[in-house]
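# Residue-level structural notes
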Amino acid sequence: MSPVLRQKQGPAATRILGVGSYQPDRVVTNDDLSTIMDTNDQWIRERVGIVERRFAEKDELLVDMAVKAGNAALADAGLQPGEVDTVIVPNCTMPSPIPNAAGQVADRIGVKAAGAFDLNAACAGFCYGLGVASDLIRAGSAGKVLVIGAEKLTDVVDPVDRANAIIFADGAGAAVVGPSDEPGIGPVSWGSAGDLVDTIYMRDHKYIFQEGQSVFRWATTQIAPIALKAVELAGLEPSDIDVLIPHQANLRIVDAIAKRLKTKGAREDLVVADDIRFSGNTSSASIPMALDHMRKAGTVKSGDVVLMVGFGAGLSYAGQVVICP
Amino acid sequence: MADKQEILSGLAEIVEEVAGVAQDDVSLEKSFVDDLDIDSLSMVEIAVQAEDKFGVKIPDDELANLKTVGDAVDYVSANAK
């Protein structure tokens, strides 16, 4: 007779224990960009909603930014690195596939012998990572997990491409996930639209390009239903949601998703993240960065019910409801 | 099926809602981009709302051919169920 394997069970519930973020120091305004390409401040503000964004320096790497955001999240949670055992770094802009970001980031933060892996779901990466982190803990595979969305998008954008150079920026956002007495992270609603894979792509393995209208159409029509599914999975109604944080792809996409949710019962006083205005589109960093900035500004409070939804290249998407720490 | 005048006024409502253009300005000969100053993302929003309102499909490659308000009215008229 075959031996019987044991499978583990962890705590029944998880929550976000702390949040942190990091942005490079260098501010790049729309006027700065208008000196190197045919664009202007008014057009950028109307088209994408960005006022300014941050670019990393040449010697400032994705892993450097990830370490800073990770440390900020640990400090916010009041935890020492040694209390975390797993590090997930959602990203799509590591300069090479080998080595990954997570192992070295864990080491530099001081998480010893961490379970460590990167996760590429482009701009849906943070929500994918958060879902995985919560499930790892509830299955007993991890005790506390650090999820760090980090990107150096300026590495993969043509610096004089007037469509994309105005949008993408650099930074990192992180959350520490751990056990909880009450559920603080709802089930993830995720999926993909691989039939639309050619709408966000890289030319010559070098620079990102998008079929702008196709991506806009998809994001403004298909993402609100995913977000609503996440609300339903969490056992809530749209009117229970206090804060909406869509991936900060473009302010017009954010507004369109919020508008659709309001037609389905989300409240008029829904707080909607607009962090893209001063941060640009930072892919997997955008949602945790927005949450961190909003908490610090006081627009999101401890205990608020937050609906996050990421979406991007793949095309991939993921969202969940969380309780703000 | 709506007649062209109904389509035009339905479209004018959508254009006003999406792009803030006064409905009276939305006349058949006007070019969306050059006369009404509507950008390519707003065109997508207009197409999505027109799809719902008129029961037509307006894929992006068809949308590219709709230069004037008249083009859009003709398209909806020819394709509405």
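Residues numbered from 1 in each chain as written. Chains lettered and ligands numbered in written order. Predicted model: local features only at pLDDT ≥ 70, side-chain atom pairs only at ≥ 80, totals over all residues.

Test applied: UniProt positions are given in the numbering used here, feature names are shortened, and annotations may be inferred rather than shown by experiment.
As named in an unreviewed UniProt entry, chain B is Acyl carrier protein, taken from Amycolatopsis thermophila. UniProt's Subcellular location (unreviewed entry) comment on chain B is quoted here verbatim: "Cytoplasm". As stated in UniProt under Sequence similarities (unreviewed entry), the record for chain B gives "Belongs to the acyl carrier protein (ACP) family."

### Describing the sheet that holds strand S7 (residues 170–179) of chain A
Residues and elements named next belong to chain A. Put simply, the rule is: Strands pair, by our definition, only if DSSP identifies at least two bridges between them. Only runs of H or I of at least four residues qualify as helices and only runs of E of at least two qualify as strands under DSSP, and these elements are numbered from the N terminus. Here the axes come from fitting lines to C-alpha atoms, over the contacting stretch only for helices, and the angles between their N-to-C directions go from 0 to 180 degrees. By definition, residues are in contact whenever their C-beta atoms, placed on the basis of the backbone, come within 7 Å of each other.
In space, the five strands of this open sheet follow the order S1-S7-S6-S4-S5, with mixed pairing throughout. Two strands bound the open sheet, and with one partner strand each, they are strand S1 (14–22) and strand S5 (115–119). On average, adjacent strands in this sheet sit at an angle of 15 degrees to one another, irrespective of strand direction. Pairing of strand S6 (residues 145–152) with S7, which is carried by eight bridges, proceeds in the antiparallel orientation. Bridging across to S7, Leu146 finds its partner in Val176. Across the sheet, helix H4 (residues 102–109) lies against strand S4 (86–90), S5 and S6, angled at about 130 degrees from S4, the strand it touches most.

### Notes on the interface of chain B and chain A
Applicable threshold: Each residue receives one of three labels: charged for Asp, Glu, Lys and Arg, nonpolar for Ala, Val, Leu, Ile, Met, Phe, Trp, Tyr, Cys and Pro, and polar for the others, Gly being one of them.
Taken together, the contacts link seven residues of chain B with nine residues of chain A. Among the elements that make up the side of chain B that touches chain A, the one with the highest residue count is helix H2 (residues 40–54) of chain B (five residues). Residue composition of the side of chain B that touches chain A, by class: three nonpolar, one polar and three charged.

### Topic: the domain arrangement of chain A
Interface extent is often summarised as the accessible area lost during association of the parts. All names here are of chain A. Note the following rule: Residue ranges assigned to the domains are those given by an automatic or database domain assignment.
As assigned here, chain A comprises domain 1 (14–179) and domain 2 (189–323). Averaged C-alpha coordinates put domain 1 and domain 2 at centres separated by 16 Å. Each side of the interface is counted separately: domain 1 has 45 residues, and domain 2 has 45 residues. Secondary structure elements with two or more residues in the side of domain 1 that touches domain 2: S1, strand S3 (52–54), helix H5 (125–138), S6 and S7. Its residues assigned to classes, the side of domain 1 that touches domain 2 comprises 26 nonpolar, 11 polar and eight charged.

### Section: the UniProt feature "domain: Carrier" (unreviewed entry) in chain B
Within this numbering scheme, the UniProt entry marks residues 5–80 of chain B as carrying the feature "domain: Carrier" (unreviewed entry). Annotated as residues 5–80 of chain B, this span is 59% helix and 0% strand, and its ends, taken at the C-alpha atoms, are 14 Å apart.

### Some details on the UniProt feature "modified residue: O-(pantetheine 4'-phosphoryl)serine" (unreviewed entry) in chain B
Applied cut-off: Whether a residue is buried, exposed or partly exposed is read from the other C-beta atoms within 10 Å of its own C-beta, which are placed from the backbone; 20 or more gives buried, 12 or fewer gives exposed, and intermediate counts give partly exposed.
Those residues carrying the UniProt feature "modified residue: O-(pantetheine 4'-phosphoryl)serine" (unreviewed entry) are B:Ser40 in this numbering. Residue B:Ser40 is classed as partly exposed on the basis of its C-beta count, with 15 C-beta atoms lying within 10 Å. Once residues lying within four places of it in the same chain are set aside, the contact partners of B:Ser40 are A:Gly212 and A:Gln213.

### Focus: unusual backbone geometry
Residues and elements named next belong to chain A. Residue Pro99 is reached from Ile98 by a cis peptide bond, and omega for that bond is -5 degrees. Locating Pro99 in the fold gives a position in the loop between S4 and H4. Omega for the peptide link from Gly314 to Leu315 comes to -10 degrees, which places this bond in the cis form. The topology assignment puts Leu315 in the loop between strand S13 (305–312) and strand S14 (316–323). Of note, the phi angle at Ala122 is positive, near 45 degrees, even though the residue is not glycine. Its identity is not glycine, yet His205 carries a phi of approximately 60 degrees, on the positive side.

### Quick look at the pairing of S5(A)
All names here are of chain A. Cut-off, in case you're wondering: Viewed with both strands pointing away, a crossover whose connecting path from the first strand over the helix to the second turns clockwise is right-handed.
Summarising the sheet, S4 and S5 pair through five bridges and their orientation is parallel. In the sheet register, Val87 faces S5, and the bridge partner there is Ala116. Handedness of the β-α-β unit built from S4, H4 and S5 comes out right-handed.

### Topic: the sheet that holds S13(A)
Sheets are built from strands that pair by backbone hydrogen bonding, the pairs being arranged parallel or antiparallel. Residue and element names in this part refer to chain A. The five strands lie next to each other as S8-S14-S13-S11-S12, forming an open sheet whose pairing is mixed. Bordering the open sheet on either side are strand S8 (189–192) and strand S12 (271–272), each of which pairs with just one other strand. In this structure, strand S11 (residues 243–246) lies alongside S12, joined through two bridges in parallel fashion. The partner of Leu244 across the bridge, within S12, is Val272. The sheet strands contacting H5 are S8, S13 and S14, and the helix crosses S14 at an angle near 55 degrees. Strands in contact with helix H6 (residues 212–233) are S8, S11, S13 and S14; relative to S13, the strand with the most contacts, it is inclined by about 140 degrees.

### Details of the pairing of S14(A)
Residues and elements named next belong to chain A. Where burial is concerned, most of S14 is hidden: seven out of the eight residues are buried. The pairing of S8 with S14 spans four bridges and is classified as antiparallel. Each bridged residue has a counterpart across the sheet, and for Ser192 the counterpart in S14 is Ser316. Note that S13 and S14 share eight bridges and pair antiparallel.

### Here we look at the confidence of the model for chain B
All names here are of chain B. Condition: A residue's pLDDT is the confidence the predictor assigns to it, expressed on a 0 to 100 scale.
Mean pLDDT over chain B: 94, with 96% of residues reaching 70 or higher. The secondary-structure element of chain B with the lowest mean pLDDT is helix H3 (residues 60–63), recorded at 93, while helix H4 (residues 69–79) shows the highest, at 96. Interface scoring of the predicted complex returns ipTM 0.92; its pTM is 0.96.

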